[in-house]
Amino acid sequence: MIGATAFVSAVITGGALLGAVPAAAADTGSISGLVWFDRDASGTVGFGDAPAPMSGIRVDNLSTGASTQVYAGSDGTYQVPALAPGRYRVAVGTGWTYERTTPGHVDVRVRPGQTVTADFGLRGGEVCGTAWDDADGDGMRESGEFVLPAVQVTVNTPMLVQAVTDASGRYCAHDLPLDGEAVVQPQYLAQRGFGFTRGIVESFPAEPYDSKIDAITGNSHRYTLTTEALTVDVGYLRATSDLSTSQIIFDGQPAGKTTFAVGDTFTVYGSVFPGGNVPERLGATLTVPAGLRIVDRAGGMPSTVQGQSVVGEFPQRRTPGANEFIGARVVVEHAFSAADVTLTVHPGDFPDSNPANNVLTQTINAV
Ligand SMILES: [Ca+2]
Ligand SMILES: [Ca+2]
Ligand SMILES: [Ca+2]
(Lines give C-alpha, C1' and ligand atoms only; values in the text may rest on other atoms or scores of the structure.)
(Ligands and ions follow the chains in the order given, each with its own letter.)
Protein backbone atom coordinates (compact mmCIF):
# COMPACT_ATOMS: atom_id res chain seq x y z
CA MET A 1 0.00 0.00 0.00
CA ILE A 2 1.41 3.40 -0.90
CA GLY A 3 1.82 6.09 1.74
CA ALA A 4 -1.28 8.09 2.54
CA THR A 5 0.35 11.42 1.76
CA ALA A 6 1.58 10.37 -1.67
CA PHE A 7 -1.81 8.82 -2.29
CA VAL A 8 -3.73 11.96 -1.44
CA SER A 9 -1.50 14.30 -3.43
CA ALA A 10 -1.69 12.03 -6.48
CA VAL A 11 -5.46 12.02 -6.33
CA ILE A 12 -5.89 15.70 -5.53
CA THR A 13 -3.59 16.92 -8.30
CA GLY A 14 -5.78 14.84 -10.54
CA GLY A 15 -3.65 15.01 -13.65
CA ALA A 16 -1.77 11.88 -12.75
CA LEU A 17 -4.95 9.95 -12.29
CA LEU A 18 -6.76 10.91 -15.48
CA GLY A 19 -3.55 11.17 -17.48
CA ALA A 20 -3.10 7.43 -16.99
CA VAL A 21 -6.26 6.71 -18.94
CA PRO A 22 -5.62 5.82 -22.59
CA ALA A 23 -7.21 8.35 -24.89
CA ALA A 24 -10.56 6.98 -25.95
CA ALA A 25 -11.10 6.37 -29.63
CA ALA A 26 -13.33 8.99 -31.18
CA ASP A 27 -16.36 6.71 -31.36
CA THR A 28 -16.09 5.25 -27.87
CA GLY A 29 -15.76 6.63 -24.38
CA SER A 30 -14.46 5.33 -21.08
CA ILE A 31 -15.12 5.20 -17.37
CA SER A 32 -12.43 5.56 -14.73
CA GLY A 33 -12.27 6.22 -11.06
CA LEU A 34 -10.90 5.48 -7.68
CA VAL A 35 -11.80 3.07 -4.91
CA TRP A 36 -10.46 4.23 -1.59
CA PHE A 37 -10.68 3.59 2.13
CA ASP A 38 -12.46 6.64 3.41
CA ARG A 39 -11.24 6.24 6.96
CA ASP A 40 -12.96 9.35 8.29
CA ALA A 41 -16.18 8.61 6.37
CA SER A 42 -16.09 12.11 4.89
CA GLY A 43 -17.15 10.94 1.45
CA THR A 44 -14.08 12.69 0.01
CA VAL A 45 -10.42 11.78 -0.32
CA GLY A 46 -8.30 13.38 2.38
CA PHE A 47 -5.24 12.88 4.53
CA GLY A 48 -5.28 9.60 6.35
CA ASP A 49 -7.33 7.88 3.65
CA ALA A 50 -5.78 5.07 1.60
CA PRO A 51 -6.34 3.30 -1.71
CA ALA A 52 -8.43 0.11 -1.78
CA PRO A 53 -6.54 -2.10 -4.22
CA MET A 54 -8.08 -5.10 -5.94
CA SER A 55 -11.63 -3.87 -5.49
CA GLY A 56 -13.92 -5.17 -8.21
CA ILE A 57 -15.75 -2.75 -10.50
CA ARG A 58 -18.68 -3.96 -12.53
CA VAL A 59 -19.97 -1.94 -15.48
CA ASP A 60 -23.36 -2.82 -16.97
CA ASN A 61 -24.63 -1.31 -20.21
CA LEU A 62 -28.17 -0.31 -19.29
CA SER A 63 -29.38 -0.69 -22.88
CA THR A 64 -27.82 -3.98 -23.95
CA GLY A 65 -27.24 -5.60 -20.54
CA ALA A 66 -23.62 -6.28 -21.55
CA SER A 67 -21.37 -6.43 -18.50
CA THR A 68 -17.67 -5.81 -17.90
CA GLN A 69 -15.62 -6.35 -14.73
CA VAL A 70 -12.26 -4.79 -13.88
CA TYR A 71 -10.20 -4.50 -10.71
CA ALA A 72 -8.65 -1.46 -9.12
CA GLY A 73 -4.87 -1.40 -9.20
CA SER A 74 -2.54 -1.00 -6.23
CA ASP A 75 -3.22 2.76 -6.25
CA GLY A 76 -6.98 2.13 -6.09
CA THR A 77 -7.66 3.45 -9.59
CA TYR A 78 -9.47 1.61 -12.36
CA GLN A 79 -10.16 2.19 -16.04
CA VAL A 80 -12.78 0.75 -18.35
CA PRO A 81 -11.85 1.92 -21.88
CA ALA A 82 -13.51 1.53 -25.30
CA LEU A 83 -17.13 1.62 -24.23
CA ALA A 84 -19.88 2.24 -26.78
CA PRO A 85 -21.68 5.48 -25.98
CA GLY A 86 -24.70 5.01 -23.77
CA ARG A 87 -25.90 4.73 -20.22
CA TYR A 88 -24.04 2.50 -17.79
CA ARG A 89 -24.36 1.40 -14.19
CA VAL A 90 -21.03 1.28 -12.33
CA ALA A 91 -20.92 -0.74 -9.09
CA VAL A 92 -18.16 -1.57 -6.62
CA GLY A 93 -17.76 -4.96 -4.99
CA THR A 94 -15.09 -6.53 -2.82
CA GLY A 95 -14.45 -10.01 -1.55
CA TRP A 96 -14.79 -8.61 1.97
CA THR A 97 -17.52 -6.67 3.71
CA TYR A 98 -16.97 -2.92 3.98
CA GLU A 99 -19.28 -0.07 4.78
CA ARG A 100 -19.70 2.32 1.84
CA THR A 101 -19.24 6.05 2.31
CA THR A 102 -20.50 6.79 -1.21
CA PRO A 103 -23.37 5.14 -3.10
CA GLY A 104 -22.41 1.57 -3.98
CA HIS A 105 -23.35 2.16 -7.60
CA VAL A 106 -23.83 5.14 -9.89
CA ASP A 107 -25.39 5.52 -13.34
CA VAL A 108 -23.33 7.47 -15.87
CA ARG A 109 -23.58 8.47 -19.52
CA VAL A 110 -20.58 7.63 -21.68
CA ARG A 111 -20.04 10.00 -24.60
CA PRO A 112 -17.69 9.53 -27.58
CA GLY A 113 -14.13 10.62 -26.87
CA GLN A 114 -14.81 11.39 -23.19
CA THR A 115 -13.97 9.83 -19.85
CA VAL A 116 -16.53 9.86 -17.08
CA THR A 117 -15.47 9.22 -13.51
CA ALA A 118 -17.07 7.20 -10.73
CA ASP A 119 -15.33 7.01 -7.35
CA PHE A 120 -16.23 4.74 -4.46
CA GLY A 121 -15.45 5.11 -0.76
CA LEU A 122 -15.20 2.09 1.53
CA ARG A 123 -14.79 1.93 5.26
CA GLY A 124 -13.64 -0.94 7.46
CA GLY A 125 -12.67 -1.47 11.05
CA GLU A 126 -9.58 -0.24 12.85
CA VAL A 127 -7.61 -1.63 15.77
CA CYS A 128 -4.91 0.55 17.33
CA GLY A 129 -3.05 0.47 20.60
CA THR A 130 0.16 1.09 22.47
CA ALA A 131 2.76 -1.41 23.64
CA TRP A 132 4.44 -0.45 26.88
CA ASP A 133 6.77 -1.69 29.60
CA ASP A 134 4.57 -2.10 32.67
CA ALA A 135 7.44 -1.48 35.07
CA ASP A 136 5.46 -2.05 38.27
CA GLY A 137 3.58 -5.06 36.89
CA ASP A 138 0.12 -3.82 37.86
CA GLY A 139 -1.35 -4.13 34.37
CA MET A 140 -2.01 -0.38 34.27
CA ARG A 141 -0.23 2.13 32.10
CA GLU A 142 1.12 4.99 34.19
CA SER A 143 3.19 8.04 33.36
CA GLY A 144 6.86 7.20 33.65
CA GLU A 145 6.41 3.75 32.11
CA PHE A 146 8.20 3.53 28.75
CA VAL A 147 6.60 2.61 25.46
CA LEU A 148 8.00 -0.23 23.35
CA PRO A 149 8.73 0.46 19.66
CA ALA A 150 9.30 -2.19 16.97
CA VAL A 151 6.85 -4.70 18.42
CA GLN A 152 5.02 -6.75 15.80
CA VAL A 153 1.29 -7.05 16.35
CA THR A 154 -0.89 -9.42 14.36
CA VAL A 155 -4.56 -8.58 14.12
CA ASN A 156 -6.22 -11.87 13.34
CA THR A 157 -9.46 -11.35 11.43
CA PRO A 158 -10.69 -13.35 8.45
CA MET A 159 -7.92 -11.28 6.81
CA LEU A 160 -4.59 -11.39 8.69
CA VAL A 161 -3.11 -7.92 9.21
CA GLN A 162 0.37 -7.19 10.57
CA ALA A 163 1.31 -3.93 12.25
CA VAL A 164 4.44 -2.73 14.04
CA THR A 165 4.64 -0.23 16.87
CA ASP A 166 6.32 3.07 16.00
CA ALA A 167 8.63 5.24 18.10
CA SER A 168 5.70 6.20 20.30
CA GLY A 169 4.85 2.54 20.88
CA ARG A 170 1.70 2.80 18.78
CA TYR A 171 0.41 0.37 16.18
CA CYS A 172 -2.66 0.57 13.95
CA ALA A 173 -4.29 -1.99 11.72
CA HIS A 174 -6.61 -0.21 9.27
CA ASP A 175 -9.28 -1.16 6.78
CA LEU A 176 -10.21 -4.45 8.45
CA PRO A 177 -13.11 -6.18 6.73
CA LEU A 178 -16.31 -6.18 8.76
CA ASP A 179 -16.75 -9.92 8.34
CA GLY A 180 -16.40 -11.16 11.85
CA GLU A 181 -14.15 -10.96 14.83
CA ALA A 182 -10.66 -9.73 15.55
CA VAL A 183 -8.14 -11.16 17.98
CA VAL A 184 -4.99 -9.16 18.68
CA GLN A 185 -1.86 -11.31 18.96
CA PRO A 186 1.24 -9.30 19.88
CA GLN A 187 4.73 -10.64 19.46
CA TYR A 188 6.12 -12.52 22.45
CA LEU A 189 9.21 -10.54 23.43
CA ALA A 190 11.21 -13.21 25.26
CA GLN A 191 14.32 -12.32 23.25
CA ARG A 192 14.06 -8.77 24.56
CA GLY A 193 13.49 -10.13 28.07
CA PHE A 194 9.78 -9.40 28.32
CA GLY A 195 6.74 -11.50 29.08
CA PHE A 196 3.20 -10.17 29.11
CA THR A 197 2.06 -8.28 32.17
CA ARG A 198 -1.25 -9.05 33.79
CA GLY A 199 -4.12 -8.28 31.48
CA ILE A 200 -7.71 -9.04 30.72
CA VAL A 201 -8.46 -12.74 30.41
CA GLU A 202 -11.39 -14.43 28.74
CA SER A 203 -12.98 -15.57 32.00
CA PHE A 204 -12.85 -12.13 33.67
CA PRO A 205 -13.66 -9.69 30.88
CA ALA A 206 -14.63 -6.84 33.22
CA GLU A 207 -11.31 -6.52 35.03
CA PRO A 208 -10.04 -2.97 34.66
CA TYR A 209 -6.54 -3.66 33.35
CA ASP A 210 -5.11 -1.40 30.67
CA SER A 211 -3.41 -4.38 29.06
CA LYS A 212 -5.96 -6.26 26.97
CA ILE A 213 -3.74 -9.30 26.49
CA ASP A 214 -4.08 -12.55 28.41
CA ALA A 215 -0.59 -13.11 29.84
CA ILE A 216 -0.83 -16.88 29.36
CA THR A 217 -2.27 -17.18 25.86
CA GLY A 218 -0.86 -13.93 24.46
CA ASN A 219 -4.25 -13.22 22.86
CA SER A 220 -6.79 -10.48 23.33
CA HIS A 221 -10.48 -11.16 23.55
CA ARG A 222 -12.50 -11.67 20.39
CA TYR A 223 -13.74 -8.28 19.32
CA THR A 224 -16.61 -7.88 16.90
CA LEU A 225 -15.44 -5.63 14.08
CA THR A 226 -17.43 -2.52 13.34
CA THR A 227 -16.40 0.85 11.94
CA GLU A 228 -15.94 2.04 15.52
CA ALA A 229 -12.20 2.13 16.22
CA LEU A 230 -10.95 -0.32 18.84
CA THR A 231 -8.12 0.37 21.27
CA VAL A 232 -6.16 -2.69 22.34
CA ASP A 233 -3.13 -1.80 24.46
CA VAL A 234 -0.42 -4.36 25.12
CA GLY A 235 1.47 -4.44 28.42
CA TYR A 236 4.81 -6.17 28.77
CA LEU A 237 6.76 -6.94 31.93
CA ARG A 238 10.53 -7.38 32.22
CA ALA A 239 10.69 -11.01 33.21
CA THR A 240 12.35 -12.62 36.18
CA SER A 241 12.24 -16.39 36.28
CA ASP A 242 13.20 -19.17 38.64
CA LEU A 243 11.85 -22.55 37.61
CA SER A 244 12.60 -25.06 40.34
CA THR A 245 12.09 -28.62 41.46
CA SER A 246 10.44 -28.91 44.84
CA GLN A 247 9.73 -32.50 45.92
CA ILE A 248 9.88 -36.20 45.01
CA ILE A 249 7.25 -38.38 46.69
CA PHE A 250 6.23 -42.03 46.52
CA ASP A 251 2.45 -42.15 46.45
CA GLY A 252 0.94 -45.34 47.86
CA GLN A 253 3.92 -45.89 50.19
CA PRO A 254 4.42 -44.74 53.79
CA ALA A 255 5.92 -41.27 54.07
CA GLY A 256 9.70 -41.33 54.38
CA LYS A 257 10.05 -44.85 53.05
CA THR A 258 13.02 -45.20 50.68
CA THR A 259 13.47 -48.99 50.58
CA PHE A 260 10.95 -50.96 48.57
CA ALA A 261 10.27 -54.63 47.94
CA VAL A 262 10.32 -56.43 44.61
CA GLY A 263 6.73 -56.55 43.40
CA ASP A 264 5.69 -53.24 45.01
CA THR A 265 3.65 -50.95 42.83
CA PHE A 266 3.42 -47.21 43.47
CA THR A 267 3.56 -43.84 41.78
CA VAL A 268 6.59 -41.57 41.84
CA TYR A 269 5.68 -37.89 41.65
CA GLY A 270 8.00 -35.01 41.11
CA SER A 271 6.74 -31.50 41.68
CA VAL A 272 8.11 -28.45 39.94
CA PHE A 273 7.41 -24.82 40.68
CA PRO A 274 7.31 -21.85 38.32
CA GLY A 275 8.72 -18.92 40.27
CA GLY A 276 9.10 -15.46 38.82
CA ASN A 277 6.85 -12.65 37.75
CA VAL A 278 5.48 -13.79 34.36
CA PRO A 279 3.90 -16.99 33.08
CA GLU A 280 6.65 -19.33 31.90
CA ARG A 281 7.00 -22.43 29.78
CA LEU A 282 7.08 -25.37 32.20
CA GLY A 283 8.37 -28.84 31.46
CA ALA A 284 10.17 -31.55 33.41
CA THR A 285 11.78 -34.99 33.19
CA LEU A 286 11.43 -37.63 35.91
CA THR A 287 13.86 -40.56 35.65
CA VAL A 288 13.70 -43.73 37.72
CA PRO A 289 16.54 -46.26 38.18
CA ALA A 290 16.82 -49.63 36.47
CA GLY A 291 14.89 -52.10 38.59
CA LEU A 292 11.77 -49.96 38.43
CA ARG A 293 9.62 -50.49 35.38
CA ILE A 294 7.33 -47.62 34.34
CA VAL A 295 3.85 -48.94 33.56
CA ASP A 296 2.13 -45.58 33.04
CA ARG A 297 2.57 -41.85 33.21
CA ALA A 298 0.84 -39.85 35.97
CA GLY A 299 0.37 -36.28 37.20
CA GLY A 300 -1.18 -33.09 35.88
CA MET A 301 1.62 -32.23 33.46
CA PRO A 302 1.02 -33.76 30.01
CA SER A 303 3.82 -36.26 29.48
CA THR A 304 4.99 -39.41 27.73
CA VAL A 305 6.97 -42.43 28.89
CA GLN A 306 10.43 -42.60 27.29
CA GLY A 307 12.39 -45.61 28.57
CA GLN A 308 13.23 -45.03 32.26
CA SER A 309 11.87 -41.48 32.11
CA VAL A 310 8.63 -39.57 31.91
CA VAL A 311 9.06 -36.37 29.91
CA GLY A 312 6.46 -33.61 29.89
CA GLU A 313 5.62 -30.01 29.21
CA PHE A 314 2.47 -27.91 29.47
CA PRO A 315 1.20 -26.71 26.10
CA GLN A 316 0.61 -23.22 27.50
CA ARG A 317 2.74 -21.08 29.76
CA ARG A 318 1.98 -21.52 33.46
CA THR A 319 1.24 -18.78 35.95
CA PRO A 320 3.86 -18.47 38.70
CA GLY A 321 3.08 -19.78 42.13
CA ALA A 322 1.58 -23.28 41.96
CA ASN A 323 3.32 -26.67 42.15
CA GLU A 324 2.77 -28.90 39.14
CA PHE A 325 3.25 -32.66 39.11
CA ILE A 326 4.85 -35.10 36.72
CA GLY A 327 4.64 -38.75 37.65
CA ALA A 328 5.37 -42.37 36.78
CA ARG A 329 3.47 -45.42 37.93
CA VAL A 330 6.11 -48.10 38.57
CA VAL A 331 6.53 -51.71 39.60
CA VAL A 332 9.68 -52.91 41.38
CA GLU A 333 11.12 -55.64 39.17
CA HIS A 334 14.43 -56.45 40.84
CA ALA A 335 16.57 -55.47 43.79
CA PHE A 336 19.06 -52.57 43.70
CA SER A 337 20.75 -50.36 46.22
CA ALA A 338 21.41 -46.63 46.46
CA ALA A 339 20.06 -45.65 43.05
CA ASP A 340 18.66 -42.23 42.24
CA VAL A 341 15.29 -40.97 41.17
CA THR A 342 16.06 -37.73 39.33
CA LEU A 343 13.72 -34.82 38.70
CA THR A 344 14.83 -32.08 36.30
CA VAL A 345 12.88 -28.95 35.40
CA HIS A 346 13.41 -27.87 31.79
CA PRO A 347 14.65 -24.40 30.85
CA GLY A 348 11.91 -21.84 30.20
CA ASP A 349 11.93 -18.80 27.93
CA PHE A 350 13.91 -16.58 30.31
CA PRO A 351 17.25 -16.87 32.11
CA ASP A 352 16.89 -18.81 35.35
CA SER A 353 17.95 -16.76 38.36
CA ASN A 354 18.80 -19.89 40.39
CA PRO A 355 19.94 -22.88 38.30
CA ALA A 356 21.00 -24.76 41.48
CA ASN A 357 17.40 -25.82 42.22
CA ASN A 358 16.71 -27.20 38.75
CA VAL A 359 17.66 -30.80 39.56
CA LEU A 360 16.55 -32.87 42.55
CA THR A 361 17.52 -36.48 43.37
CA GLN A 362 16.21 -39.00 45.85
CA THR A 363 18.22 -42.14 46.61
CA ILE A 364 16.21 -45.36 47.01
CA ASN A 365 16.77 -49.12 47.42
CA ALA A 366 14.87 -52.25 46.50
CA VAL A 367 15.18 -55.58 48.26
CA1 LIG B 1 -12.04 10.94 3.80
CA1 LIG C 1 1.91 0.02 35.60
CA1 LIG D 1 15.83 -22.44 39.04
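Worth saying up front: this structure is predicted, and the values here are computed from it rather than measured. (Residues numbered from 1 in each chain as written. Chains lettered and ligands numbered in written order. Predicted model: local features only at pLDDT ≥ 70, side-chain atom pairs only at ≥ 80, totals over all residues.)

Chemist: So what exactly am I meant to see when it comes to the overall build of the protein here?
Modeler: Scanning the protein from N- to C-terminus turns up two helices and 29 strands. Taken against the 2.2 N^0.38 rule, which gives 21 Å for 367 residues, the C-alpha radius of gyration of the protein at 32 Å runs more than 25% over that of a compact globule. On the principal axes, the C-alpha backbone points of the protein span a range of 105 × 50 × 30 Å. Taken over 367 residues, the protein has a buried fraction of 39%. (Helix = DSSP H or I, 4+ residues; strand = E, 2+ residues; numbered from the N terminus. Rg over C-alpha atoms; globule rule 2.2 N^0.38 Å. Buried ≥ 20, exposed ≤ 12 C-beta atoms within 10 Å, placed from the backbone.)

Chemist: What should I look at first to understand the pairing of strand 13 (residues 160-164) in this one?
Modeler: Strand residues, when the strand is regular, have side chains that alternate between the two faces of the sheet. Inspection of the sheet shows strand 12 (residues 152-156) paired to strand 13 by five bridges, in the antiparallel sense. Of the residues in strand 13, the one forming a bridge with Val153 is Ala163. What sits between the antiparallel neighbours strand 12 and strand 13 is a turn of three residues. (Pairing = 2+ DSSP bridges.)

Chemist: How do you make sense of the domain arrangement of the protein when you look at a structure like this?
Modeler: By a frequent convention, interface size equals the accessible area lost on bringing the separate parts together. Assigned domains of the protein: these are domain 1 (4-123), domain 2 (125-238) and domain 3 (241-366). The gap between the C-alpha centroids of domain 1 and domain 3 is 68 Å. (Domains from an automatic or database assignment.)

Chemist: Hey, could you run me through the sheet that holds strand 20 (residues 241-251) in this one?
Modeler: Hydrogen bonding along the main chain pairs the strands of a sheet, whether they run parallel or antiparallel. Spatial strand order, 20-22-27-24: four strands in an open sheet with antiparallel pairing. The sheet is open, and its two edges are formed by strand 20 and strand 24 (292-298), each paired on a single side. This sheet shows a mean twist of 25° between the axes of neighbouring strands, independent of strand direction. As paired elements, strand 22 (residues 265-276) and strand 27 (residues 324-332) share eight bridges and run antiparallel to each other. Residue pairing across strands places Phe266 opposite Val330, the latter belonging to strand 27. (Axes fitted to C-alpha atoms, helices over the stretch in contact; angles between N-to-C directions.)

Chemist: In this structure, what is going on with the sheet that holds strand 15 (residues 181-186)? I would like to understand it.
Modeler: An order of 13-12-15-17 is seen for the four strands of this open sheet, with the pairing classed as antiparallel. Strands with a single pairing partner mark the edges of an open sheet, and in this sheet they are strand 13 and strand 17 (222-224). Geometrically, the sheet is characterised by an average inter-axis angle of 30° between neighbouring strands, direction not taken into account.

Chemist: What is the right way to read the nonpolar core from this model?
Modeler: A general trend in soluble globular proteins is that nonpolar side chains are found buried together. Counting 27 residues, the largest nonpolar core has Val127, Val153, Val155 and Tyr236 as its most contacted members. Not counting residues within four places of it along the chain, the set of residues in contact with Val153 comprises Ala163, Thr165, Tyr171, Val184, Pro186, Gln187 and Val234. Listed in part, the 25 residues of the second largest apolar core include Phe260, Ala298, Ile326 and Val330. (Core = buried A, V, L, I, M, F, W, Y, C linked by C-beta atoms within 7 Å. Contact = placed C-beta atoms within 7 Å.)

Chemist: Would you explain unusual backbone geometry in this entry?
Modeler: Leaving glycine out, the prevailing phi sign among residues is negative, and the prevailing peptide bond configuration is trans. Positive phi, close to 55°, is recorded for Ala41, a residue that is not glycine. Among the secondary structure elements, Ala41 is positioned in the loop between strand 1 (29-37) and strand 2 (50-51). Although it is not a glycine, Met54 sits at a positive phi angle of roughly 65°. If you trace the backbone, Met54 turns up in the loop between strand 2 and strand 3 (56-61).

Chemist: Please explain the environment of Val155 as it appears in this structure.
Modeler: Secondary-structure assignment places Val155 in strand 12. By the C-beta count within 10 Å, which is 29 here, Val155 ends up buried. For the pair Val155 and Gly180, spaced 25 residues apart in the sequence, the C-alpha separation amounts to 12 Å. Residues in contact with Val155, not counting those within four places in the same chain, are Val127, Val161, Ala163, Ala173, Leu176, Ala182 and Val184.

Chemist: Would you explain the environment of Asp340 in this entry?
Modeler: Tracing the backbone shows Asp340 in strand 28 (residues 336-345). Sequence separation between Asp340 and Thr287 is 53 residues, and the spatial gap between their C-alpha atoms is 8.3 Å. Once residues within four sequence positions are removed from consideration, Asp340 is found in contact with Pro289, Thr361, Gln362 and Thr363.

Chemist: Please explain the pairing of strand 19 (residues 234-238) as it appears in this structure.
Modeler: Burial within strand 19 is extensive, with four of its five residues counted as buried. Here three bridges tie strand 11 (residues 125-133) to strand 19, and the two strands are oriented parallel to one another. Along strand 19, the bridge assignment pairs Asp133 with Tyr236.

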